[in-house]
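Each chain, written out:
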Amino acid sequence: MAKLYINEKKKKGHINPEIYGHFSEHLGRCIYEGLFVKKDSGIPNINGMRTDVVEALKDIQIPVLRWPGGCFADEYHWMDGIGPKKNRKKMINTHWGGVLEDNSFGTHEFFELCRQLGCKTYINGNVGSGSVKEMSEWVEYMTFDGISPMADMRRENGHDKPWRVDYFGIGNENWGCGGNMTPEYYGNLYRRYQTYVRHYGKAAPINKICGGPNADDDNWTKKVLETCYASPHPENDFHGFMDGLSLHYYVHPGGWDNKGSATDFDEKTWYQTMDKALYMDKLIRLHGAIMDQYDPEKKIGLIVDEWGTWYEVEPGTNPGFLYQQNTMRDALVAALTLNIFNKHCDRVKMACIAQMVNVLQSVILTEGDKMLLTPTYHIFRMYKDHQGAELVESFLTEEETTGMEEYEMPALQESVSMKEDGSILVTLANLSVSDRHFVEIVFAKKKPKEVKAEILNGEIHAHNTFEEPEKVKGKAFEDFAVTDEGISFIIPACSVISLHVS
Ligand code: AHR
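Reading the values: rules and limits
Residues numbered from 1 in each chain as written. Predicted model: local features only at pLDDT ≥ 70, side-chain atom pairs only at ≥ 80, totals over all residues. Heavy atoms only, no water. Domains from an automatic or database assignment. Buried area = accessible area lost by both parts, 1.4 Å probe. Salt bridge = Lys/Arg side-chain N within 4 Å of Asp/Glu carboxyl O. Helix = DSSP H or I, 4+ residues; strand = E, 2+ residues; numbered from the N terminus. Nonpolar A, V, L, I, M, F, W, Y, C, P; charged D, E, K, R; others polar. Expected span 1.5 Å × (residues − 1). Buried < 20%, exposed > 50% of the residue type's maximum accessible area, 1.4 Å probe, protein only. Contact = heavy atoms within 4.5 Å. Near = heavy atom within 4 Å. Polar contact = N/O pair within 3.5 Å; in protein donor to acceptor, adjacent residues only side chain to side chain. Areas by Shrake-Rupley, 256 points an atom, 1.4 Å probe, with all protein chains shown as cover.

Caption draft 1: Quick look at the domain arrangement of the protein. Split into domains, the protein comes out as domain 1 (7–392) and domain 2 (393–501). Taking only C-alpha atoms into account, the centre of domain 1 sits 29 Å from that of domain 2. The junction of domain 1 with domain 2 conceals about 4500 Å² of combined surface from both sides, 63% of it contributed by carbon and sulfur atoms. Summed over the shared surface of domain 1 and domain 2, the result is five salt bridges. Those elements that provide at least two residues to the side of domain 1 that touches domain 2 are β1 (2–14), α7 (267–294), α8 (328–343), β14 (364–367), β15 (370–373), α9 (375–383) and β16 (390–396). The greatest single-element share of the side of domain 1 that touches domain 2, amounting to ten residues, is contributed by α8. The residue makeup of the side of domain 1 that touches domain 2, split by class, is 24 nonpolar, 13 polar and 15 charged.

Below, the structure written as structure tokens:
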């Protein structure tokens, strides 16, 4: 039996909605086909954006979208993607599959997509192969309201008013595909490039994201902060040099050279995957501890703008397209990771799962005019009320463990938040492939009046296909009892439960 103690009187921080953010790169079938189709494709769309996909994404309240990459960002020249489509430069997407990129999706299309989704915008600039001038002109093009060469060009291209850029990333993975730089070199470039990411006039300030480490590369974090951290001076509106530092971490179950199949895995690989997903907690504490040395008040966010599972591609698909299926294993990875982010909401201010559609751990897969929602999608839906809520203190008694051989871990993991109206959301995962657990939730004071619960569970390999698109989906969960102290129920193996308690 496990007891989950919830002290709803102790608030531990604000859960920034952006923790539930997404990433869309010019990679494989994410943008083209997945999100954006030709107006005459026969697939229902508004201004090229697939209506089915946009509607499904609206249901999970996408808070922010990162674009255009990824590795693609440091090869992207934004001027190739504006103006009349027939004049836009065609290029080869050298990084991802060597396919033709016709630049028909560019800056205007990105803002149109975000308008339809009702989400914030996160643009990633090019440091690796772009100039300071190019970056500064992009910012001017997007955000300047007055008379200027770039703002005038935007008007000529059909958009009178500037857009709102909420976040701007200065390069991507500059330790690797973004230029193979040393941290000191990148840190100096960062200082220079970010200078020209201007805040124009009354436009809302752009949050600048500095390129952070890969996984556990603490040396990168340390050296970059040493080189380019500058503390903010609120009295003269100087934000410091950065508002966020990124972190990328992918779960490749057997390591980079042995990622394994998305759907065909054994129980040991299941636990290995969970173990690697739980490692996110350690990474946040590691990089957070270094950030604390510079920014003890936690004004700078750790921005986990690429996370998720990464397996071998689906057999028969282009290896450069990173298309993979998504099972209950991915649902559990998403559940654990989002619980970890919630619990670190004092430092983690944004996170973007990689990637939104048809690439890596997607919430949506498409095939022609068909679309399916993955198990990961259902986790985002079940967790969406954590967005903007206050994290509250929770503690799970840890008698229950699971795993096999070298992969031993707690069987249950949770996070709990409270909305302004006092309602509470508990999200609880059971990582065990075989054991169910009796759980008793004990509140400090709260007497539950109404409980609405949902469960996502299934066999560990269960997934949705275009033939059977609703095999895995959330179902109402009614098998609980409201007791004097709280709520009790049995959580089945391999499942995630959300409880809305008012
Ligand atoms: O998401 C796929 C790739 O993974 C991104 O382009 C890159 O930033 C990372 O290595």
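Caption draft 2: Structural detail: helix α3 (residues 132–143). Compared with the 16 Å implied by 1.5 Å per residue over twelve residues, the 17 Å span of α3 between its first and last C-alpha is a close match. The buried fraction of α3 amounts to eleven of the twelve residues, a majority that puts the element mostly inside the structure. Restricting attention to buried positions, one finds in α3 the residues Val-132, Glu-134, Met-135, Ser-136, Glu-137, Trp-138, Val-139, Glu-140, Tyr-141, Met-142 and Thr-143. Where α3 is buried, its residues meet β5 (64–67), α2 (107–117), β8 (120–125), α4 (149–156), β9 (167–170) and α5 (183–195).

Caption draft 3: Inspection of the site of the ligand at higher detail. Close to the ligand lie 13 residues; Glu-25, Cys-71, Glu-173, Tyr-250 and Glu-306 are nearest. Take Cys-71: an N or O atom from its main chain is 2.8 Å from an oxygen atom of the ligand. Within the contact set of the ligand, an oxygen atom lies 2.7 Å away from a side-chain nitrogen or oxygen of Tyr-250. When the ligand is considered free in solution it has 280 Å² of accessible area, and contact with the protein chains removes 93% of it. For the shell around the ligand, the residue count by class is seven nonpolar, three polar and three charged.

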